[in-house]
Amino acid sequence: MPAIGIDLGGTDIKGAVISDEGRILHQDLVSTQPESGADGVADRIVGLVGSLCDTHGVTLDSTSGVGVGVPGVTRKDGTVVIAPNLDWHHVPFRQMLQDRLTGSAVELDNDANVAALAEAKAGVGAGCDSLAFLTLGTGIGGGIVVDGRVHHGASYSAGEIGHMVVIPDGPLCGCGKSGCLEAISATKGMISHAEKLIDDGFVTSLKKEDLTPKSICDAAAEGDEIGEATVDHVARHIGIAVANLINILSPEVIAIGGGISAAGSLMLDPIAASAETNTLEGMFEHTRIELARLGNDAGSIGAAYLVMS
Ligand SMILES: [Zn+2]
C-alpha cells in the first residue's frame, strides 16, 4: 500500500506518493508561505495531499496515511516545539493535520530523522537494521535508526550528531556551546578555517571573498595547500564523530549526505581514515561508511515510512 510523504521546508512543501518499496510514484510541490501561519501551512499540505491522490488516481483511504518531515524539534505527541524557519513555537501540528485528514494515519518527525529513516529503508542502508545519518551543510543534522525505527531517546531529541563535542572549548557553536562538530565541520567552520590559514600566509589559489565549501574542495582536488588542509581538518573531526558513533552504536551503516558531501571520495576517504584511527579495535570493519543515496528525495520518502508498518 503506498503512503504520502511530505517534506515541509521553509520555502517549499514537497509531497510524493511513495510505494511500499520506497519508490517515488508521483511528486509535486507548493510554496510554504510560512507567513500564513501553521493553519495556513496545514491547509496547503492538505491541498497537496488531495492533488497528489487525485493525480495518482488513489483515495487517501487506500494509502497507509500521511507522514511529514518538519524542519524543527518535535515531540512524540506530534507537537513542533520549535521550527526557526517557520517561526513556530509549540505548535500541535500533527493534531492540526489529523483534524483535517480525519480517518487517515498522520505522523510527523524531525527532517533529519526522516532522512535517516529513508536512507535506512530505501537508500544506502536498504535492508539494514541500524544506521546513523549525518547531513553536512550550513549545519550538521543527524538521525539514528535502530531496529528499523528512528531512535528518539528519553528527550525525544536523540541523534543530534552535529552537537557532539569534538574539540573541548573549541569554536563557538550556534547552539551556544563550544567545540560541537557543527562549529568545525559545517559551512561556517570550514570557511573560517580556510580564512585563518590564508591569514597565516600559506600559499593558495583561494581568495577570502570566494570561499565556499565547493571552492575549498575544488582547490583541494587540485592540490592547493589550504584546500587540502581545510578538507583534512573538516574530515578529521567528522571522522572522530563517526568513530564515537561506531564505538557507542556499532551501526551497520553510517550515511553521509548534504551539500559538503558532494565532494564525494575527496571528503569521504579522509573521514573514513580518521574514523578508523579513532575506533576501538575490532569494531570499524563492521560498519559501512558511505555517501547517502537519496539526496533531496530522502525527505518525502522517509516521511512516508513514518506511516508504513
Ligand atoms: Zn552545538
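Residues numbered from 1 in each chain as written. Predicted model: local features only at pLDDT ≥ 70, side-chain atom pairs only at ≥ 80, totals over all residues. Heavy atoms only, no water.

K.L.:
Looking at this structure, how should I read the coordination of the zinc ion?
P.N.:
When a metal holds four donors in a tetrahedron, each ideal angle between them is 109.5 degrees; when it holds six in an octahedron, the ideal angles are 90 or 180 degrees. Taken together, the protein donors to the zinc ion comprise His 163 (ND1), Cys 173 (SG), Cys 175 (SG) and Cys 180 (SG), at separations of 2.0 to 2.4 Å. Because the angles between the four donor atoms bound to the zinc ion fall within 106 to 120°, the donor set is best described as tetrahedral. For the zinc ion, the donor residues sit on a single chain with the sequence spacing H-x9-C-x1-C-x4-C. The exposure class of Cys 173 is buried, given its relative accessible area of 5%. (Donors = N, O, S within 2.8 Å, 3.2 Å for Na, K, Ca; no water. Tetrahedral: all angles 85-135°; square planar, octahedral: opposite > 155°, others 65-115°. Buried < 20%, exposed > 50% of the residue type's maximum accessible area, 1.4 Å probe, protein only.)

K.L.:
Before we go on, may I ask you to explain the sheet that holds strand β8 (residues 106-110) in this structure?
P.N.:
Think of a sheet as strands paired side by side through backbone hydrogen bonds, with each pair either parallel or antiparallel. Spatially, β3-β2-β1-β4-β8 is the arrangement adopted by the five strands of the open sheet, whose pairing is mixed. The open sheet has two edge strands, β3 (24-31) and β8, and neither has a second partner. The mean angle between the axes of side-by-side strands here comes to 20°, regardless of whether they run parallel or antiparallel. Pairing geometry for strand β1 (residues 3-8) and strand β4 (residues 66-70), over four bridges, is parallel. Bridging from a neighbouring strand, Gly 5 pairs with Gly 67 of β4. Strands β1, β2 (12-18), β3 and β4 of the sheet are contacted by helix α1 (residues 37-56), whose axis makes an angle of about 145° with β3. (Pairing = 2+ DSSP bridges. Helix = DSSP H or I, 4+ residues; strand = E, 2+ residues; numbered from the N terminus. Axes fitted to C-alpha atoms, helices over the stretch in contact; angles between N-to-C directions. Contact = heavy atoms within 4.5 Å.)

K.L.:
What should I look at first to understand the domain arrangement of the protein chain in this one?
P.N.:
Quoted interface sizes are often the accessible area lost when the parts come together. Domain assignment breaks the protein chain into domain 1 (3-118 + 297-305) and domain 2 (127-292). Using only C-alpha atoms to locate each centre, domain 1 and domain 2 end up separated by 28 Å. Each partner contributes residues to the interface: domain 1 has 10 residues there, and domain 2 has 14 residues. Summed over both partners, the interface of domain 1 with domain 2 buries about 920 Å², with 60% contributed by carbon and sulfur atoms. It is Asn 113, Ala 116 and Leu 117 that lose the most area in domain 1 upon contact with domain 2, and together they represent 45% of the buried surface on that side. Scanning the region where domain 1 abuts domain 2 turns up zero salt bridges. Counting every contact that joins domain 1 to domain 2 gives three residue pairs in polar contact (both at pLDDT 80 or more). Mapped onto the side of domain 1 that touches domain 2, the elements with two or more residues apiece are β5 (73-74) and α3 (111-122). (Domains from an automatic or database assignment. Buried area = accessible area lost by both parts, 1.4 Å probe. Salt bridge = Lys/Arg side-chain N within 4 Å of Asp/Glu carboxyl O. Polar contact = N/O pair within 3.5 Å; in protein donor to acceptor, adjacent residues only side chain to side chain.)

K.L.:
What's the story with the pattern of salt bridges in this structure? I'm lost.
P.N.:
Considering all chains together, one arrives at 10 salt bridges under this definition. A salt bridge links Asp 200 to Lys 196; the shortest N-O distance between them is 3.3 Å. A salt bridge links Asp 199 to Lys 208, with the nearest nitrogen and oxygen atoms 2.7 Å apart. According to the relative accessible area criterion, Asp 199 is exposed, its value standing at 54%. Its relative accessible area of 36% is what places Lys 208 among the partly exposed residues. One salt-bridge network, in which partners are shared between bridges, spans Asp 39, Asp 43 and Arg 100.

K.L.:
Is there a simple way to think about the packing of aromatic side chains in this case?
P.N.:
Centre distance and the angle of the planes are the two values used to describe a pair of aromatic rings. According to the stated counting rule, one finds one aromatic pair in the structure shown. Taking 4.7 Å as the distance between ring centres and 50° as the angle between the ring planes, the aromatic pair formed by Trp 88 and Phe 93 counts as tilted. According to the relative accessible area criterion, Phe 93 is buried, its value standing at 0%. (Phe/Tyr/Trp six-rings, centres within 6.5 Å; stacked < 30°, edge-to-face > 60°.)

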